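Residue-level structure breakdown
Single-letter residue listing:
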Amino acid sequence: MIENLVIVESPAKARTIERFLGKNYTVKSSFGHIRDLKKKDLGVDIEHDFQPQYEVSAEKKAVVKELKQLAKGAKTVWLASDEDREGEAIAWHLFETLELQAPYTKRIVFHEITQEAILHAIQNPRTIDQHLVDAQQARRVLDRLVGFEVSPVLWKKVKSALSAGRVQSVAVKLIVEREREINHFEEQKYYKVSGLFLTKDEEGRQLPVKAELQERFSVREEAMRFLECCKEATFTVSDVETKPATRKPAPPFTTSTLQQEASRKLGFSVSQTMSIAQKLYENGHITYMRTDSVNLSQLAINSAKAVIIQELGSKYSCSRQYATQTKGAQEAHEAIRPTYMDKESIEGDIKEQHLYSMIYKRTLASQMADAKLEKTVVTIAVSGQPHAFVAMGEVIVFDGFLRMYHESHDDEKEEEQTELLPSLHAGDLLQRTRIEALEQYTAHPPRYTEASLVKKMEALGIGRPSTYAPTITTIQNREYVVKESREGKEREIDHFILTGNQVTLKPLVRRFGMEKKKLFPSDIGMVVTDFLCAHFPNIMDYNFTAKAEEAFDDIAEGGLQWQAMIRSFYDPFHANVEKTLKESERNSGERVLGTDPATGATVSTRIGRFGPVVQIGEGEQVRYASLLRGQLVETITLEEALDLFKFPRPLGEFEDKPVTVGIGRFGPYIKHDQMYISLKRGVDSPETITLSTAIERIHEKRETERNRRIQEFANGARILNGRFGPYITYNKENYKIPKGQNAGLLTLEETMKIIAHSEESKTKSTAKTATQKDKIVKTPKTTKKKPTNTK
């Protein structure tokens, strides 16, 4: 008989907890949720007060069977899933599905996996919180209703295989709205003037002073006139202002701020951050990683204080507690922090180490003293001119928390450069060395990164810590949004330099509009957003999504009955779905661009069956061309559209066979002798690529293929070079080559032996798994026992 059965969500968490509990505890994993709403149907009985209809998924039936068998023989079952609503729902589903009995079932929660936390939870069990379960059920039912009813509308009115979601659709809307802001943005040219001056110290040494003119000139002539005036002007320090400044540390991480900072500092996607944080939590390195609280326990604060005083001294210590500003945040939870504050580093892969280090430093920095700075602003008057130069300097008097951690920011504007300034006083004359006027352009609003989108969603109250990562992953997987980098365009700009009494023009070439890992809406994302905003303004309203989250919070606190919340939404929503199906027109985002000058036929663009296309003409004479990467149905011009029909473009012949360049669904390509070669992104252009470059790409492709093929045998078996080394492929199956074997020297007989051995091992492994499952299913013969969980 099992004394105690502890059930958690993941095997890694199970292994860690098992180390802390004695032999009387058996720890097993449910591998996440064991059941969910039925997939084939709506999964919600609307007529009976929105009763959810759950089913155990096929892949979880063996897990459920094993857990049921173990639970029957256990005196006590401990449900130890995570402490959030999702975890509470997992515990409830386990209770219901395994048919557990309340007197023999206990719910335990902890926000860190340490021996102290686990034993404290065992000593302080509780029952399942039905309010938390209901809040999770309400979210799941609402999302299913929206997705299940709106998605078929999109299939009929926009394009097949589309989907809609309560949170994902408004996330896409944010990105679409930002893209349109950018499309309507009118850049302004201006000239930025900066100067380099010299002053002398007490010993007569010349020291540089860099300054920038506060005024921005909008036209070239104004900048030139100012430079001309500077030829004879004197430059005098008119004011020196020095004042102390204080910089405070940022709070410890929440889910949102961890995702943002990991994106900025480490280049992680939000889903990657959460995956790594999950491993850190399950291995006992950090506290629970889904939280919107910046609160720290008193134990954590005291531990951090001890580490700071020991390592840096008492002047660096400043214990503080932070208040959470996020709506609906749960102060009972803690911020994300190391479980042991004296553990500076951990074992694990490099990404786990980097993320842990960031969490460790941020937590310690939050408990450190403010940084003390001294800021100096020097104003430099120009004789005969109303404009003045300004030099800014900054000195760190006491580094405080900056010794441990510097926070990053999303602001893409060029940060003001502050340097250490020499000693200056009002009335000092400065010697002009060089003054420059550089042509610049105002920047459009920045596109969202994953990090800045999370920040915006949190500010609007859209979603909760557990939903940010899956939402952003979903909108990319469904191709409503693409994450990519773009090279921008080179532009020649004016660069005027005044040295001595001579103004010279030295044009520069600068690249503008570069984008790194930004989120761009796709054509289908824009069309779907427009359709949903037109016909379902309620669910596309940011306030609705935020209010839904507030309602879930009320349900979790017991202040609202979840079916009542769903009913108030569903009745008008369903009526609107029926109305839209009957009355709305099909929307493919079609735009008429103009007339083809060669044929007089109409040129239009729209969402086609295989993606965005440009169309010339109708009927039998119709011609189609796919849009290029970066082009949108909403913004493509007639000229750009007509250029697409220049493809496939013949380049010439190579080895007596034609070479052409074309554009397909997956981008531009070269075609030669039934071989397709993708153009190098950011290097080759389908409009300008030459035959000689195309031949280079053909040779490169052949070389890659040659290097990939190590050996080929008459029976179809091949030995290839793969990402992780050589492997065998045969009959559409891949096989590892044992260590110590030289792939290039293997004979056909040896190759087939490796395949046969691998297949034999697979068969044995399958048989062993089946036998283990049979053992779980069979009821062991036992003598009568004391009453257990079955009663």
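Computed from a predicted structure; not experimentally measured.

A separate point is the overall build of the protein. If you tally the helices and strands in the protein, you get 19 helices and 32 strands. In terms of overall dimensions, the protein has a C-alpha envelope of 110 × 80 × 70 Å along the principal axes. Evaluated residue by residue, the protein yields a buried proportion of 46% over its 791 residues. In the protein, of all internal contacts separated by at least 6 residues, the share reaching a separation of at least 24 is 70%. Of the roughly 41900 Å² that the protein leaves accessible, carbon and sulfur atoms contribute 49%. Considering the protein, the positive charge centre built from 115 side chains and the negative charge centre built from 112 side chains are found 7 Å apart.

So, about the sheet that holds strand 7 (residues 74–79). Here we have four strands laid out as an open sheet, ordered 2-1-7-8, and parallel in their pairing. Each edge of the open sheet is held by one strand with a lone partner, namely strand 2 (25–29) and strand 8 (105–107). Strand after strand, the sheet turns through a mean of 25 degrees between neighbouring axes, direction not considered. Helix 3 (residues 85–97) contacts strand 1 (2–8), strand 7 and strand 8 of the sheet and is inclined by roughly 175 degrees relative to strand 8.

In spatial order, the strands read 21-22-23-24; together these four strands make up an open sheet with antiparallel pairing. Each end of this open sheet is capped by a strand with a single partner; those strands are strand 21 (591–595) and strand 24 (623–626). For this sheet, the mean inter-axis angle between neighbouring strands, taken without regard to orientation, is 25 degrees. When strand 23 (residues 611–616) meets strand 24, the two strands line up antiparallel, connected through four bridges. Bridged to Ile616 within strand 24 is Arg623.

Before going further, it helps to spend a moment on the pattern of salt bridges. What the rule picks out here adds up to 49 salt bridges. Between Glu187 and Arg491 there is a salt bridge, and its shortest N-O distance comes to 2.9 Å. Taken together, the residues span a long stretch of sequence, with Glu187 in the loop between helix 6 (168–184) and strand 9 (189–200) and Arg491 in strand 16 (residues 489–493) at a distance of 304 residues. For Glu187, a relative accessible area of 38% translates into the label partly exposed.

Here we take up the nonpolar core. Among the nonpolar cores identified, the biggest contains 162 residues, and Phe110 and Leu355 are the most heavily contacted of them. Residue contacts for Phe110: discarding those within four places in its chain leaves Lys13, Ile17, Ala80, Glu83, Ala117, Ile118, Ala121 and Tyr281.

Moving on: unusual backbone geometry. If a residue is not glycine, its phi is most likely negative; likewise, a peptide bond is most likely trans. Between Phe647 and Pro648 the backbone carries a cis peptide bond, its omega angle lying at 0 degrees. For Pro648, the location among the structural elements is in the loop between helix 17 (638–643) and strand 25 (649–654). In the Ramachandran plot, Asp49 falls in the positive-phi region, its phi being about 60 degrees despite a non-glycine side chain. Within the secondary structure, Asp49 is located in the loop between strand 4 (44–45) and strand 5 (51–52). Residue Asp49 is classed as partly exposed on the basis of its relative accessible area, which comes to 37%.

Before going further, it helps to spend a moment on the environment of Trp155. The topology assignment puts Trp155 in helix 5 (residues 130–157). With 431 residues separating them in the primary sequence, Trp155 and Arg586 have C-alpha atoms 9.8 Å apart. In this structure, Trp155 is in contact with Ser160, Ala161, Leu162 and Arg586, ignoring residues within four places of it in sequence.

Glancing now at the pairing of strand 23. Where burial is concerned, most of strand 23 is hidden: five out of the six residues are buried. Connecting the antiparallel pair strand 22 (residues 602–608) and strand 23 is a turn made up of two residues. Taken together, strand 23 and the strand that follows it, strand 24, pair antiparallel across an intervening segment of six residues, in which Gly617 is found at a positive phi of about 85 degrees.

With 28 residues, helix 5 should cover 40 Å at 1.5 Å per step; its first-to-last C-alpha distance of 40 Å lies within 8% of that length. Burial of helix 5 is extensive: 20 of the 28 residues sit out of reach of the surface. Two or three places before His131, at the start of helix 5, stands the capping residue Asp129, its side-chain oxygen 3.0 Å from that residue's backbone nitrogen.

Here we take up the side chain of Ser81. Checked against the element boundaries, Ser81 lands in the loop between strand 7 and helix 3. Polar side-chain contacts of Ser81 include one of 2.6 Å to the backbone oxygen of Gly87.

Attention now goes to the packing of helix 8 (residues 255–266) against helix 9 (residues 270–282). Relative to each other, helix 8 and helix 9 sit at 115 degrees, their axes nearing to 9 Å. The orientation of helix 8 with respect to helix 9, classified from their angle, is roughly perpendicular. Like other packed secondary-structure pairs, helix 8 and helix 9 cross with a definite hand, here right-handed. Each of Thr255, Leu258, Gln259 and Ala262 in helix 8 lies in contact with helix 9, whose residues at this interface are Val270, Thr273, Met274 and Ala277. Here the contact of helix 8 with helix 9 is built from residues that sort into five nonpolar, three polar and no charged.

Glancing now at the packing of helix 5 against helix 16 (residues 562–583). Contact geometry for helix 5 and helix 16: axes closest at 11 Å, N-to-C directions at 0 degrees. On the basis of the axis angle, helix 5 is roughly parallel to helix 16. Note on element contacts: helix 16 touches helix 5 through Trp562, Met565, Ile566, Phe569, Tyr570, Phe573, His574, Val577, Thr580 and Leu581, opposite Asp134, Gln137, Ala138, Val141, Leu142, Leu145, Val146, Glu149, Val150, Val153, Lys156 and Lys157. Classifying every residue of the contact of helix 5 with helix 16 by side-chain character gives 15 nonpolar, three polar and four charged.

Looking now at helix 14 (residues 523–535). The end-to-end C-alpha distance of helix 14 is 19 Å, a good match for the 18 Å that 13 residues give at a rise of 1.5 Å each. For helix 14, the full list of buried residues reads Asp523, Ile524, Gly525, Met526, Val527, Val528, Thr529, Phe531 and Leu532. The inward-facing, buried residues of helix 14 abut helix 5, helix 6, strand 20 (515–521), helix 16, strand 22 and strand 23.

Scanning the entire structure with this criterion turns up 17 aromatic pairs. Between Tyr281 and Tyr288, the aromatic rings sit 5.2 Å apart at their centres with planes inclined by 70 degrees, giving edge-to-face as the arrangement. Taking relative accessible area as the criterion, Tyr281 reaches 0% and is therefore assigned buried. Ring geometry for Phe536 against Phe573: centres 6.3 Å apart, planes inclined by 50 degrees, an arrangement best described as tilted. Note that Phe536 is positioned in the loop between helix 14 and helix 15 (542–556) and Phe573 in helix 16, a separation of 37 residues in sequence. Across the pair, exposure class does not vary: Phe536 and Phe573 are buried alike. Here the aromatic cluster, defined as three or more aromatic residues joined through ring pairs, consists of Phe50, Phe536, Phe544, Phe569, Tyr570 and Phe573. The ring of Tyr405 carries the charged tip of Lys265 above its face, separated from the ring centre by 5.1 Å. The ring of Tyr441 has Arg491 sitting right over it, with the charged end atom 4.0 Å from the ring centre.

Criteria and cut-off values
Residues numbered from 1 in each chain as written. Predicted model: local features only at pLDDT ≥ 70, side-chain atom pairs only at ≥ 80, totals over all residues. Heavy atoms only, no water. Helix = DSSP H or I, 4+ residues; strand = E, 2+ residues; numbered from the N terminus. Buried < 20%, exposed > 50% of the residue type's maximum accessible area, 1.4 Å probe, protein only. Contact = heavy atoms within 4.5 Å. Areas by Shrake-Rupley, 256 points an atom, 1.4 Å probe, with all protein chains shown as cover. Lys, Arg positive; Asp, Glu negative; His and termini not counted. Charge placed at Lys NZ, Arg CZ, Asp CG, Glu CD. Pairing = 2+ DSSP bridges. Axes fitted to C-alpha atoms, helices over the stretch in contact; angles between N-to-C directions. Salt bridge = Lys/Arg side-chain N within 4 Å of Asp/Glu carboxyl O. Core = buried A, V, L, I, M, F, W, Y, C linked by side-chain atoms within 4.5 Å. Expected span 1.5 Å × (residues − 1). Polar contact = N/O pair within 3.5 Å; in protein donor to acceptor, adjacent residues only side chain to side chain. Parallel < 35°, antiparallel > 145°, perpendicular 65-115°, else oblique. Left-handed = near helix turned anticlockwise from the far one by under 90°. Nonpolar A, V, L, I, M, F, W, Y, C, P; charged D, E, K, R; others polar. Phe/Tyr/Trp six-rings, centres within 6.5 Å; stacked < 30°, edge-to-face > 60°. Lys NZ or Arg CZ within 6 Å of the ring centre and 35° of its normal.

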